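Okay, here's what each chain looks like letter by letter:
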Amino acid sequence: MKILHLYHDIMNLYGEYANVSALERMLEKSGVKFTTDRLTLFDNADLGDYDFIYIGSGTEKNQKLVLQDFKKYKDFLVEYINSGKVILMTGNSFEMLGKTITDSDGKVFDGLGIYDFTVTEQNKRRITGDIVYTSDILTKPIVGFVNKCSEIKGIENHLFTVKHGLGDYENAKAEGLKDKNLFATHVTGPIMIKNPHFLEYIALQISKNTTQILREGYFRAALTEFVSMEETSKKELGGIKHRLITASQNPLLHIMKQLRNLQIHLVSNHLDSSTH
């Protein structure tokens, strides 16, 4: 698995790097092999090489610097989104995907134009506050913090429904953007630290593309279940039923029994598509 943390050093307000760190820790605990590339301005990346891309929040000034560099990825980004691969953009980074960004002085910056929404920065005050959102893709609410100076109008496919706090603009009842496996929100916190269920959901979407996480996870779960079954049978099932398990010639049970007897610790081995 390959992870890209894009503009890691310049779009990194509010400790947003921790979103990537949280995913990395989860993958490590799952025994999944991965590499993380951290690229910035003037670097060049082949987006198609990656299974997950993350861009965090930056100052308004840094956002405009990144915007000019980010435009070189437009066509590749559209292809990436349409392929169903996973992207998470937090804070004001996803504002760059729209048609225009108008700053507090009235200067208009052209966005990537992938979506039709427009962004207008306020010159009077920042908009801050705690939030509670819900989403059709999640069974639990999202909590976090929003700190922005912009209003967004024209998003068609929202990621979240506002239950408490700020939306795309004042009194808006929706927030963020979702398109296939592009997830974009102003929520910081970082969002995947404060909301482990969202981290799990993102990991699951990545795994649907790579299949590695699920395949290895299922195998580990099966081994754990076998160990539990064996221990329980010794204590509760008695001789005959216990021997039905331990004397089985089923090859999968035999492999699991050997792993159990040898006390082998499963490490991260890539289980390719031929694994059964």
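From a predicted model like this one, the values you see are computed outputs, not experimental measurements.

1. A closer look at the layout of surface pockets
Part 1 of the argument: Taken as a whole, the largest pocket spans an internal volume of roughly 240 Å³.
Part 2 of the argument: If you trace the largest pocket, you find 17 residues lining it, with Arg125, Ile127, Glu151, Tyr169 and Glu170 closest to the centre.
Part 3 of the argument: For the lining of the largest pocket, a count of residues per class yields five nonpolar, five polar and seven charged.

2. Describing the pairing of strand β3 (residues 52–55)
Part 1 of the argument: Side chains Phe52 and Tyr54 of β3 all project onto a buried face; the interleaved residues Ile53 and Ile55 project onto the opposite face, where all are buried too.
Part 2 of the argument: In this sheet, β3 lies alongside strand β1 (residues 2–6) in parallel orientation, the contact comprising three bridges. When the sheet's bridge partners are listed, leucine 4 is paired in β3 with isoleucine 53.
Part 3 of the argument: The pairing of β3 with strand β4 (residues 86–90) spans four bridges and is classified as parallel. The partner of phenylalanine 52 across the bridge, within β4, is valine 86.

3. Structural notes on empty space enclosed by the protein
Part 1 of the argument: Counted according to the given criterion, the structure contains one cavity of 30 Å³ or more.
Part 2 of the argument: Elements that contribute at least two residues to the lining of the largest cavity include exactly α2 (60–70) and β9 (142–148).
Part 3 of the argument: Taken together, the residues that form the lining of the largest cavity break down as three nonpolar, nine polar and five charged.

4. A look at the packing of aromatic side chains
Part 1 of the argument: What the rule picks out here adds up to seven aromatic pairs.
Part 2 of the argument: Three or more aromatic residues joined by ring pairs make a cluster, and in this case those are Tyr133, Phe160, Phe183, Phe198 and Tyr201.
Part 3 of the argument: Across the ring face of tyrosine 50, the terminal group of lysine 2 is positioned such that the distance to the ring centre comes to 4.9 Å.
Part 4 of the argument: Over the ring of tyrosine 169 we find lysine 153; its NZ or CZ atom is 5.3 Å from the centre of that ring.

5. Notes on the nonpolar core
Generally speaking, a soluble globular protein has its nonpolar side chains buried in company with each other.
Part 1 of the argument: By size, the foremost hydrophobic cluster in this structure holds 35 residues, and its most contacted members are Tyr7, Phe70, Met89, Phe94, Leu97, Phe117 and Leu177.
Part 2 of the argument: Elements supplying a minimum of two residues to this core: β1, β3, α2, α3 (74–82), β4 and β14 (182–185).
Part 3 of the argument: Non-local contacts of phenylalanine 70, meaning those with residues more than four positions away in its chain, are made with Leu6, Tyr7, Ile55, Leu77, Met89, Met96, Leu97 and Leu112.
Part 4 of the argument: Counting residues in each nonpolar core, the second largest holds 29 residues, with Val20, Ile131, Ile142 and Ile202 among its members.

Rules behind the numbers
- Residues numbered from 1 in each chain as written.
- Predicted model: local features only at pLDDT ≥ 70, side-chain atom pairs only at ≥ 80, totals over all residues.
- Heavy atoms only, no water.
- 1 Å grid on protein atoms, 1.4 Å probe; cavity = no way out; pocket = protein on both sides within 12 Å on 5 of 7 lines; lining within 4 Å.
- Points joined across faces, edges and corners; volume = space filled by probe spheres on them.
- Nonpolar A, V, L, I, M, F, W, Y, C, P; charged D, E, K, R; others polar.
- Buried < 20%, exposed > 50% of the residue type's maximum accessible area, 1.4 Å probe, protein only.
- Helix = DSSP H or I, 4+ residues; strand = E, 2+ residues; numbered from the N terminus.
- Pairing = 2+ DSSP bridges.
- Phe/Tyr/Trp six-rings, centres within 6.5 Å; stacked < 30°, edge-to-face > 60°.
- Lys NZ or Arg CZ within 6 Å of the ring centre and 35° of its normal.
- Core = buried A, V, L, I, M, F, W, Y, C linked by side-chain atoms within 4.5 Å.
- Contact = heavy atoms within 4.5 Å.

Nothing here speaks to function; it is geometry throughout.
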